[in-house]
Amino acid sequence: MPPAVPVYLLTHDKEEKHKGFADFYNLYSDEFQHRVKIISTEEFITREGGEDGQFPILESKREEVLKSSIECDKRAKSDISCDHIWEYLESKAFVPQFNGTTCLIFDEDSFEGQTVSSENAERVKSFCGEKRIPYYITEATQEEQLIHLKNAKGWRIMAHYYGYMYFTNTAIFNYYKRFVRDFMHYHDEIYCAAGKIILALQLEGEKLGFKIDEEGGGGFSSMHVRRGDLQYKAVKISAEEWYDNLKDTWQDKEIIYIATDERNKTFFDPIKEHNNVKFLDDYWDYADLGKLDGNYMGMIDTIIASRGRSFAGTFRSTFTGYINRMRGYHGMSMKDSYYGFLEKKKVTHEWLDYYDGTTFALEWPDGWIGIDGDVEPSKVKF
């Protein structure tokens, strides 16, 4: 696992600003470790960076690499600069030449040094599209003892995993999609807090006559309204536009739960004039949210929003995208998901044959539909 670093927007913990994936995801559970063995960067450096290790550190660099292996800063002048770690790894590891202009392909024939079948070559061509170059994983890649994925200008991969990597064997691809669904999720305390609030919303909804669906969702509808420093100005619309664009998706007197980073809740007054609006703050004491890490709040918001009967989000927001993926995991139809930006309102209602896999603007059903089987699903019904 990479060293802990200051994470963008996750700044609620003033005493410890450095965070790692395991602070939010349950990566050290027995279930996860049974399938994927992981160790910390510090443990790797200690084990393999010594004189007797596979990848010894230069004596002149040893102290700075060891210090940065626990937590590091993304500043070159810092005593614990992440550059110390990355430069060491680049000097010792195989660095595969793939980035946002490539697509990562796993094909059994290619892996064994054989020619890719014409059928699979066509599937790869369809997946990668016209703008990306296939990068095939080979047996030589597999034999490398240390592989380092570079993260720097020109190397960044802004894509969902299922839009960037492709297995020509559908059964294998679906196995990894199930792995992400079943084991790559937030800590239990995040889900427990969200679950309390979902049940409270559903009880309120039942009193108003709204039923819970067979998947355990509904009883209320939900929105994710990203405001803050969102760089895509066109989709930062007014509350009046949110209401006008979505009012036909809501039922009369239905509770609307709004997940948002907007601190001034009066922004939503135009929606409150017509609907019973709820926010995370309304359940602060009920769910004992004050006892939790403040950085969890956005994650709790996404889980709650994923259970709405109808959901509408912010186009190009990765939080909105993840909410839609969770809705897919729940078995909810994408025909009940919308965007507040009118031009893209119903973009999730189509399952296209091809997506630009480098996009992070939205998520699509390839990530969740049919993944419990061994064949590619039909795109007719979703």
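**What about the pattern of salt bridges?**
- Summed over all chains, the structure comprises 16 salt bridges.
- Close ionic contact of E43 with R47 constitutes a salt bridge, the shortest N to O distance being 2.9 Å. Residue E43 and its partner R47 are both found in helix α2 (residues 41-48); the two are separated by four residues, about one turn of the helix.
- Residue E43 is classed as partly exposed on the basis of its relative accessible area, which comes to 36%.
- R226 is the salt-bridge partner of D261, the closest N and O atoms lying 3.1 Å from each other. One end of the pair, D261, is in the loop between β7 (255-260) and α12 (269-272); the other, R226, is in the loop between β6 (221-225) and α11 (239-246), and 35 residues separate them in sequence.
- Salt bridges linked by common partners bring R181, D182 and D372 together as one network.

**Quick word on the nonpolar core**
- With 29 residues, the main nonpolar core has I197, L201, L280, L289, I300 and I304 as its most contacted residues.
- Mapped by element, the contributors of at least two residues to this core are α10 (188-207), β7, α13 (297-305) and α14 (318-330).
- Broken down by element, the residue count for this core peaks at seven residues, all from α10.
- Residues within four places of I197 in sequence aside, it is in contact with L280, Y283, A287, L289, I300 and I304.
- Residues L230, A239, W242 and A361 belong to the second largest nonpolar core, which totals 24 residues.

**Considering the packing of aromatic side chains**
- Evaluation of the coordinates by the stated rule reveals 22 aromatic pairs.
- For the pair F268 and F279, a centre-to-centre distance of 5.4 Å together with 50° between the ring planes defines the contact as tilted. Here F268 is found in the loop between β7 and α12, whereas its partner F279 is found in the loop between β8 (276-278) and α13, with 11 residues between them in sequence. Neither F268 nor F279 differs from the other in exposure class; each is buried.
- Grouping aromatic residues by their ring pairs yields a cluster made of F106, F127, Y166, F167, F173, Y175 and Y176.
- Taking the ring centre of F279 as reference, the NZ or CZ of K265 above it sits at 5.5 Å.
- Looking at R316, its charged tip hangs above the ring of Y232, at a distance of 5.0 Å from the centre.

**Let's talk about the state of the cysteines**
- Counted under the stated rule, the structure contains two disulfides.
- One disulfide bridge connects C72 with C82, the sulfur atoms lying 2.1 Å from each other. The S-S bond linking C72 to C82 shows a torsion near 85°; that makes this disulfide right-handed. Here C82 lies in helix α4 (residues 82-92) and C72 lies in the loop between α3 (62-68) and α4, a separation of 10 residues in the sequence.
- For C82, a relative accessible area of 4% corresponds to the buried category.
- When the bonded cysteines of the chain are counted from the start of the sequence, the pairing works out to 1-2, 3-4.

**Some thoughts on a negative patch on the surface**
- Taken together, the side chains of E108, E112, E139, E143 and E144 define an acidic patch exposed on the protein surface.
- With respect to the helices and strands, E143 occurs in helix α7 (residues 139-143).

**Quick look at helix α6 (residues 118-128)**
- When α6 is considered as a whole, its buried residues turn out to be N120, R123, V124, F127 and C128. Take α6 and look down its axis: the buried residues cluster within an arc of 125°, on one side only. Away from its buried face, by an angle of more than 90 degrees, α6 presents the exposed residues S118, E119, E122 and K125.
- In this structure, the buried residues of α6 make contact with β3 (102-106), β4 (133-136), α8 (161-164), β5 (165-167) and α9 (170-183).
- Immediately downstream of α6, the backbone of G129 shows phi near 75°, a positive value.

Reading guide: rules and limits
- Residues numbered from 1 in each chain as written.
- Predicted model: local features only at pLDDT ≥ 70, side-chain atom pairs only at ≥ 80, totals over all residues.
- Heavy atoms only, no water.
- Salt bridge = Lys/Arg side-chain N within 4 Å of Asp/Glu carboxyl O.
- Helix = DSSP H or I, 4+ residues; strand = E, 2+ residues; numbered from the N terminus.
- Buried < 20%, exposed > 50% of the residue type's maximum accessible area, 1.4 Å probe, protein only.
- Core = buried A, V, L, I, M, F, W, Y, C linked by side-chain atoms within 4.5 Å.
- Contact = heavy atoms within 4.5 Å.
- Phe/Tyr/Trp six-rings, centres within 6.5 Å; stacked < 30°, edge-to-face > 60°.
- Lys NZ or Arg CZ within 6 Å of the ring centre and 35° of its normal.
- Disulfide = S-S within 2.5 Å.
- Patch = residues over 30% accessible without salt bridge, like charges linked within 9 Å, V, L, I, M, F, W, Y side chains within 5 Å.
- Areas by Shrake-Rupley, 256 points an atom, 1.4 Å probe, with all protein chains shown as cover.
- Lys, Arg positive; Asp, Glu negative; His and termini not counted.
- Charge placed at Lys NZ, Arg CZ, Asp CG, Glu CD.
- Arc of directions from axis to C-beta.

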